[in-house]
Each structure stands twice: as structure tokens, then as C-alpha cells.
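Next come the chains, spelled out residue by residue.
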Number of protein chains: 2
Amino acid sequence: MTAISYELIKTDKQTGARLGILHTPHGSYETPMFMPVGTLATVKTMSPEELKEIGAGVILSNTYHLWLRPGHDIVKEAGGLHQFMNWDQAILTDSGGFQVFSLSEFRKIEEEGVHFRNHLNGDKLFLSPEISMEVQNALGSDIMMAFDECPPYPAEYDYMKKSVERTSRWAERCLKAHKRSKDQGLFGIVQGGEYEDLRKQSAEDLVSLDFPGYAVGGLSVGEPKETMNRMLEFTTPLLPADKPRYLMGVGSPDSLIDGAIRGIDMFDCVLPTRIARNGTVMTSTGRLVVKNAKYARDFGPLDDHCDCYACRNYSRAYIRHLIHTNEILGFRLCTYHNLYFLIKLMEQVRQAIREDRLMDFREQFFEQYGFNKPNAKNF
Amino acid sequence: MTAISYELIKTDKQTGARLGILHTPHGSYETPMFMPVGTLATVKTMSPEELKEIGAGVILSNTYHLWLRPGHDIVKEAGGLHQFMNWDQAILTDSGGFQVFSLSEFRKIEEEGVHFRNHLNGDKLFLSPEISMEVQNALGSDIMMAFDECPPYPAEYDYMKKSVERTSRWAERCLKAHKRSKDQGLFGIVQGGEYEDLRKQSAEDLVSLDFPGYAVGGLSVGEPKETMNRMLEFTTPLLPADKPRYLMGVGSPDSLIDGAIRGIDMFDCVLPTRIARNGTVMTSTGRLVVKNAKYARDFGPLDDHCDCYACRNYSRAYIRHLIHTNEILGFRLCTYHNLYFLIKLMEQVRQAIREDRLMDFREQFFEQYGFNKPNAKNF
């Protein structure tokens, strides 16, 4: 009996995209799905009730950030992350590795783990597979991630090969250090950058370790979208069909659809919540910077085709005013709308898979959103 | 038929405090009541639904701030302030006078009005009784306030006398300039500082103009609480019993009770919302700075005796973590709790009046909250 299991419902005839159900100790969720990010044990600006209202299923929280503040010992003492943050649905925690490589300074990578200075006060810290497991076991997330190295893009072949091999050794150590496999499922992370043979090597290493799920890591780190899609097409067939597949850090509407087409089941990204706090929203006809002065007298909703709480009750003019004056309700409304937009998008993706018309849906969505325009922004 | 009327239900036998109902074009509300402040057409951090959930009735918004941003013309174009901010209950707007005197620079007061520079960019502006009425008519609030001068404390007698006389002349001009008396009620503001004869003069001038309600202004501006109470005791008997009485800018629990005891029906203050954003909350046993490190492992609620959403679902440790990391949900939870606290306090005050035991309630509340301690903070 494993904590996490995946049930394949059907495969889209046009593309191979998968409709499935992810079973967790805190509920079952239809896939493909988008997971909102709650870095510091809160999805920025949102309450748990609002997340449920928009249909959020699994949320993600960041091990590195919670390790530093408030500290995993405090979260454990509170009864775990679910209890601490008042969230009774599933939680996925990352390993901390990505933040160590993207946020911290003076990194030194050794076989044992990574020495670095934290981004808050410069304190010396050390993170390893064993420590990441200890922290994630204390947090009590439903899905934990193996501690890996996420090399920058582009990386030299020789460096990437060594890194992939170390990540495989670390994955094995993670499995050994993981103390709560009955109620927490540990996912392995396939690395290898843009090198197909290294992706293959990484996938084979990890699949032989029999994780309950697999992530494709090291994408959406600066490479062209074509490279990401090519790597997904190459990698997902190497992963077992009866396990969930998670594409880390991806949340732009086009990439969600293109990822699903290539057999991805789970996505997460700070994009919808981050751009919301800058007054930018996703709409059915493309992105809209509502804080711009030109919306000062626009009394229509953020998105004419949206029925979310923000669009039903507030005008662009009002939300523009709130963002312009730094009022928290403005950040709340934009965040609410953006998360609703992506969650509804994934519902549409699942419906399209159900009806074997995902490529048609893609075509229609891309056209309406403006992704087909020659000058389409990489959004 | 006036827009605003007051229905006196009963008077507390111990104190003369009044239980009543304020009738407005957007609903009827029991008094004494506390009105949350929504400076820029939003009660900071809160949604309208949350305000209703905690039992808020009338909210206050600031004419000066809305005049500058987004501009009263935009609010008018949106259909008025209720429509603009999605609030279908009553709204009171101040006159802008207080902000001109407290926020702006290079003020020059003339008979016609006040020249000043705005606090955002230093632009030259001019505000007068007529302009304040025009802006408030455009906003469409249920209760408008007359444009007055609120002199600083302490002020010389001679200055105060001239100011009071000018405020009376301005009040008359406000009445003449007010264009929507059928759906907006205009309140006069009694000034006079700590001088009883000037309070009397001001009250008589304004009462002769027959406003549908009266505010006591120029208190809670730095004077001792005893002075405020003495001035209230002197002033409220000069006001007609069949009109509502509003004490401006007062929101500390002790002053709400002491104001009600002296016949005040309406209060407003930024205190509960402002201190919330600094991680300070009001509890049944006094104030608590939840952002302090000592609450890092305190897994109890903000207030053991509170049944608000924040207290039912979150621990001090979690809220402390959120405030410590500047997470918006932390500001939301503290704001929610503080407003709930004051709104419940006013419910208790009304119940005590109903049962002729307001002084007993005061004694008990002051004891528990710590206002009777020799070193009690002026909170």
C-alpha cells in the first residue's frame, strides 16, 4: 500500500495526453491538473476557502522556505503542514534543491550535499538528501520530492552527465532516508537538460528505483519552448504509464496545454500568483495589464468570458484603482482570477481529452489567446 | 422625507446611553455602532462578503483620498461608490477637511476654502464647502459630512472661536450646495476644542440649521481621555435627541464604551485595521502583538474567547509566521479579527443598554482588558 497512486482513465486518441486520477492521503484529484504555489505555507493573498471555491486540488509548498521560516520543527509541532495552514486537501513539497541553486549564494556541491549561504541573512547552511527528507517528513506533505541538482541552462554535457549521475545516487539516498512512506509518497526527478541520452540515463536510473511518481525537472529554466517540448516528447515515454508525471515550474497556458499533450499530469508555477500582484491577469483573449491607466474608466470585468468572483463583482476600473493604490483587495482579486483561469483551463483540457479533441482545443485556445500571433509574448 | 433618520429605542437607565436604529437608503442599522474605515473604497485587506460575515453595517470612506485617486468623476461614472466597490450597505463619507489639515502641506485657510498641496505629488489644490459637496454628491454616500476646520490640539481660544464661526458659515454653505438631499443625508460637525462655550456656540449654530445628524469633531486629536469625556458630556445634551450623534475618529475599546455612555451612536477609526497590519490584535484580555517571537510556538488562537474565522481556524504561531514573512493572509486574519472584536463589542454594548447594565459591563470589560491597571496603555 503506497501513499500515492495513479489511475489512468483514458488516453486522448489524437495526442496521447492522459486523463487520470491522482489518489493521495488527502483526497483524489483529476489530472492533468495545475497546482497553485503556497511558498510559505500560504498561497499568496488567498484563504484556503477561496482556493477550494475555485476548485484547487493539490497545492505546493516550498521546503527550503519553510525550513528557514518558521522552521520545520515548528510546523511539526503544530501537527504538520496541513494542520498548521488549515488545508485539508493534498500538499506537495519540493526538495529545497531548486531554491538552493536559484536563491542562495556561495554554493559548493559535494557528494554528501550542498553547502550554501541562505538568501535571508547569509548564514551558512547545508542541505543533503537526508536533510531534505527529514524536513519533508516533518512537514508531512502528501507528495515529497527527491533532492536533486537542477543545473542552469545551458550546461555543458560533461557537467550534466556528472550531475545526473549524482542526482541518481541522491535519489537512492532519499528513498533510504524517507521515514514515512505509508503516508507520504516520494517522487523522483528526471534531469539531463537538453541531452537525450542523459534524460534516458536519468529516467532509467530512477524508474529502476520504483518511485510512486516522477517529475521532469530542469525544464522551463530558460531554454526555448521547442526544446522543452522535444525533451518532454522524448522523456515521458520512458516513464511507467501507471505512475503520475509532474512537470515542475510550468504554468503559462500554452505550456500547460503542450505539456498535457506530451503526457504530463501535474504542473505548478508561481506565474499566476506572481503576475497578479503586479496587476497582470490572464484572460480568454490574452494577458491584460489591468494596472495600466487605459483601464481607469473601463467598467467591464477583467474577462468577459469569465464567471469567477472577481469578474462577477468588480470592474477593471475598480481593480485598476486598487492595484494603483497598493490595496490588498486588488492583489486578492487578480490572484483569484488568475488561479481560477488556470484551473478552469485544466478542466477544459481534461474535457477535451475525454472527447478526443485536445489538438482542436489547443488550436482554438491558442488562436483566441493570441499565441499564434507572430509577436506572441512568451507568457 | 429625509435620506437619514434615527429611531430612539431606549435609553440606558444607569448612564443615558442610547439604543437606536439608524435608517439609511441602504439599510437600517442598530446603534451604538462602529464603522470600519475603507479609505480608498476598500476596507484594507477585506472583501465586502467578509465585512458582512462579521456583521459590519455602515462603512466609512474618505472623500479627500477618493477625490485624488481614482477621482470622483470616475466613481460617479461607475454608478457611485456603492457600485464601484461592490458594497450594497450604507456608506458614510467624510468631508475631506480632516485630511487637508492632517496630511497636506502649505495650507492657507481663507473664508472661501482651503488652499493646500496634496500629499502625493505636491500639486496645488483647493477645497471648499461647495467642492466637498460636489465630490460627495458624485460619490453618492448615504451620509455626507459638512466641510469643517478641525484645528490642532491645543488651540488658542481666539483662534478656536474664529474657526468655529467659520465652520458654522461653511456648514450653511454646505447645506446650500448639497444637491441630493433626497438620497444623501448631510451631517453637521460640532467643533470648539476644549472650550465649553465654543462647543455650545457651535452646537447651537448647527442645530439651528437642522441637519439630519451631528458629529462631534475635534476630539481624539491628542487631548487627554478625560477632556474628551468631559467635552462629550457637555456637548451631547445640546444635540437633538431624535438625531444620530457621531464621534469621529474614535475606535479604542475603552473610548467606544465611554462614548456610548455619553450618548454617542456612531464611531469610526482606522485603529483596528491599522494595528492589524502591524501584527497587533485586540483580545478579551488586552492587546497582543502576535508578531512577537514569543508566539512562534503558541498553537492557541489569537483570543481564547473569540469565535471569529481567524480564531476558529488558525494559531498564533501560524499568524505570527505570516506576519513575520509579510504574507497578506496574515494581515487579512488580524484585520478580520480586530473588526470582529469591535463589532462584537458594540453588540455587547447594545445588549447592556437593553438590559440597563452598561456601567456594570464597562467595569467588567475594563477589568478583563486591563484598562484598570495603573500602567494601562492608551489603546
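Residues numbered from 1 in each chain as written. Chains lettered and ligands numbered in written order. Predicted model: local features only at pLDDT ≥ 70, side-chain atom pairs only at ≥ 80, totals over all residues. Heavy atoms only, no water.

Whenever I open this one, the sheet that holds strand 7 (residues 105-109) of chain A confuses me. Can you help?
Consider a sheet: its strands pair through backbone hydrogen bonds, and that pairing is either parallel or antiparallel. Residue and element names in this part refer to chain A. Strands sit in the order 7-8-9 across an open sheet of three strands; the sheet is antiparallel. Across the chains shown, the open sheet's two edge strands, defined by having one partner strand only, are strand 7 and strand 9 (124-127). Adjacent strand axes in the sheet meet at a mean angle of 20°, parallel and antiparallel pairs treated alike. As judged from the three bridges shared by strand 7 and strand 8 (residues 114-117), these two strands associate in the antiparallel manner. Bridge pairing in strand 8 links isoleucine 109 to valine 114. (Pairing = 2+ DSSP bridges. Helix = DSSP H or I, 4+ residues; strand = E, 2+ residues; numbered from the N terminus. Axes fitted to C-alpha atoms, helices over the stretch in contact; angles between N-to-C directions.)

Would you take a moment to explain the pattern of salt bridges for this structure?
Here the structure, examined in full by the defined rule, presents 56 salt bridges over all chains. Across the salt bridge formed by aspartate 258 of chain A and arginine 262 of chain A, the nearest N and O atoms sit 3.9 Å from each other. Residue aspartate 258 of chain A is classed as buried on the basis of its relative accessible area, which comes to 7%. Between lysine 200 of chain B and glutamate 204 of chain B there is a salt bridge; the shortest N-O distance is 3.0 Å. (Salt bridge = Lys/Arg side-chain N within 4 Å of Asp/Glu carboxyl O. Buried < 20%, exposed > 50% of the residue type's maximum accessible area, 1.4 Å probe, protein only.)

Mind showing me how you'd approach the relation of the copies chain B and chain A here?
For these two chains of identical sequence, chain B goes onto chain A by a turn of 180° and a shift of 0.0 Å along the axis, with RMSD 0.0 Å. On this basis, the relationship between the two copies can be described by a two-fold rotation axis. Of every C-alpha in chain B, the one belonging to isoleucine 328 of chain B sits nearest the axis of rotation, 3.7 Å from it. When the interface residues of chain B are mapped onto chain A, 100% of them again lie at the interface, so the same face is used by both copies. (Least-squares fit on C-alpha atoms with pLDDT ≥ 70 in both. Contact = heavy atoms within 4.5 Å.)

Can you walk me through the pairing of strand 9 of chain A in this structure?
Residue and element names in this part refer to chain A. Pairing between strand 8 and strand 9: four bridges, direction antiparallel. Directly across from valine 114, in strand 9, lies its bridge partner leucine 127. Taking the residues that link successive antiparallel strands as the turn, the strand 8-strand 9 hairpin has six residues, and the phi of glycine 122 there is positive, at about 80°.

What should I look at first to understand the side chain of serine 284 of chain A in this one?
All names here are of chain A. Secondary-structure assignment places serine 284 in the loop between strand 15 (280-283) and strand 16 (286-289). Serine 284 gets classed as buried once you look at its relative accessible area, which sits at 12%. Aside from chain neighbours lying at most four places away, what touches serine 284 is Asp303, His305, Phe341, Gln368 and Tyr369.

Could you clarify how one ought to interpret the confidence of the model for chain A in this entry?
Predicted coordinates in areas of low pLDDT are best not read in detail. Put simply, chain A has an average pLDDT of 96, and 98% of its residues get 70 or more. Under the prediction, the complex receives an ipTM of 0.97, its pTM being 0.97. (pLDDT = per-residue confidence, 0-100.)

Help me understand the UniProt feature "active site" (unreviewed entry) in chain A in this model?
Residues and elements named next belong to chain A. Under the UniProt annotation, "active site" (unreviewed entry) lies at Asp94 and Asp268. For the annotated residues, spread through 175 residues, the largest C-alpha to C-alpha distance comes to 10.6 Å, consistent with a single compact locus. Note that aspartate 94 resides in the loop between strand 6 (91-93) and helix 5 (97-102). Not counting the four nearest positions on each side in its chain, aspartate 94 is found in contact with Ser61, Asn62, Thr63, Tyr64, Gln99, Gln136 and Met145. Turning to its location among the elements, aspartate 268 is positioned in strand 14 (residues 266-268). Judged by its relative accessible area of 8%, aspartate 268 is buried. At a separation of 2.9 Å, a polar atom in the side chain of aspartate 268 contacts the main-chain amide nitrogen of glycine 249. (UniProt positions renumbered as here; feature names shortened; annotations may be inferred. Polar contact = N/O pair within 3.5 Å; in protein donor to acceptor, adjacent residues only side chain to side chain.)

What is the right way to look at the interface of chain B and chain A in this model?
Opposite the 37 residues of chain B that make contact, chain A presents 37 residues. Carbon and sulfur atoms make up 56% of the surface buried where chain B meets chain A, a total of about 3200 Å² over both sides. Between arginine 332 of chain A and glutamate 50 of chain B there is a salt bridge; the shortest N-O distance is 2.9 Å. Inspection of the region where chain B meets chain A yields 18 residue pairs in polar contact (both at pLDDT 80 or more). Elements represented by at least two residues in the side of chain B that touches chain A include exactly helix 1 (48-53), helix 3 (72-77), helix 4 (81-85), helix 12 (309-313), helix 13 (316-324) and helix 14 (328-354) of chain B. Looking at the side of chain B that touches chain A element by element, the count peaks at five residues for helix 13 of chain B. Partitioned by chemical class, the residues of the side of chain B that touches chain A number 20 nonpolar, eight polar and nine charged. (Buried area = accessible area lost by both parts, 1.4 Å probe. Nonpolar A, V, L, I, M, F, W, Y, C, P; charged D, E, K, R; others polar.)

Got a minute to help me understand the packing of aromatic side chains in this structure?
Residues and elements named next belong to chain A. Evaluated as defined, the whole model comprises 30 aromatic pairs over all chains. Taking 6.4 Å as the distance between ring centres and 45° as the angle between the ring planes, the aromatic pair formed by phenylalanine 341 and phenylalanine 365 counts as tilted. Taken together, the residues phenylalanine 341 in helix 14 (residues 328-354) and phenylalanine 365 in helix 15 (residues 358-369) connect sequence positions 24 residues apart. You can call phenylalanine 341 buried: its relative accessible area is 10%. (Phe/Tyr/Trp six-rings, centres within 6.5 Å; stacked < 30°, edge-to-face > 60°.)

What should I look at first to understand the domain arrangement of chain A in this one?
Interface extent is often summarised as the accessible area lost during association of the parts. Residue and element names in this part refer to chain A. What the domain assignment lists for chain A is domain 1 (5-268) and domain 2 (280-365). Spacing between the C-alpha centres of domain 1 and domain 2 amounts to 27 Å. Residue-level contacts link 33 residues of domain 1 with 25 residues of domain 2. Approximately 2500 Å² of surface area, both sides summed, lies buried where domain 1 meets domain 2, with 69% of it carried by carbon and sulfur atoms. Taken as a group, Gln14, Ile54 and Ile257 account for 24% of the area that domain 1 buries against domain 2, more than any other trio of residues on that side. Taken together, domain 1 and domain 2 are joined by six salt bridges. Taking the shortest distance from any N to any O, the salt bridge between glutamate 30 and arginine 350 comes out at 3.2 Å. At the boundary of domain 1 and domain 2, one finds 14 residue pairs in polar contact (both at pLDDT 80 or more). Where the side of domain 1 that touches domain 2 is concerned, the elements lending two or more residues are strand 1 (5-11), strand 2 (18-24), strand 3 (27-31), strand 4 (33-35), helix 1 (48-53) and helix 10 (253-261). No other element matches the six residues that helix 10 contributes to the side of domain 1 that touches domain 2. (Domains from an automatic or database assignment.)

What exactly am I supposed to notice about the packing of helix 6 (residues 129-139) of chain B against helix 7 (residues 157-177) of chain B here?
In a packed pair of helices, the relevant descriptors are the angle between the two axes and the axis-to-axis distance. Residue and element names in this part refer to chain B. In contact at an axis separation of 8 Å, helix 6 and helix 7 are set at 40° when each is read in the N-to-C sense. When the axes of helix 6 and helix 7 are compared, the pair comes out oblique. Between helix 6 and helix 7 lies a crossing of right-handed hand. Contacts between helix 6 and helix 7 involve Pro129, Glu130, Met133 and Asn137 from the former and Trp170, Arg173, Cys174 and Ala177 from the latter. In the contact of helix 6 with helix 7, the residues fall into five nonpolar, one polar and two charged. (Parallel < 35°, antiparallel > 145°, perpendicular 65-115°, else oblique. Left-handed = near helix turned anticlockwise from the far one by under 90°.)

I tried to follow the sheet that holds strand 10 (residues 143-145) of chain B on my own but got confused; where do I start?
Residues and elements named next belong to chain B. Spatial strand order, 4-14-13-12-11-10-6-5: eight strands in an open sheet with parallel pairing. One side of each edge strand has no neighbouring strand; the edge strands of this open sheet are strand 4 (33-36) and strand 5 (59-61). Strand-to-strand, the axes of this sheet are offset by a mean angle of 30°, without reference to chain direction. In this structure, strand 10 lies alongside strand 11 (residues 185-190), joined through three bridges in parallel fashion. Of the residues in strand 11, the one forming a bridge with methionine 145 is phenylalanine 187.

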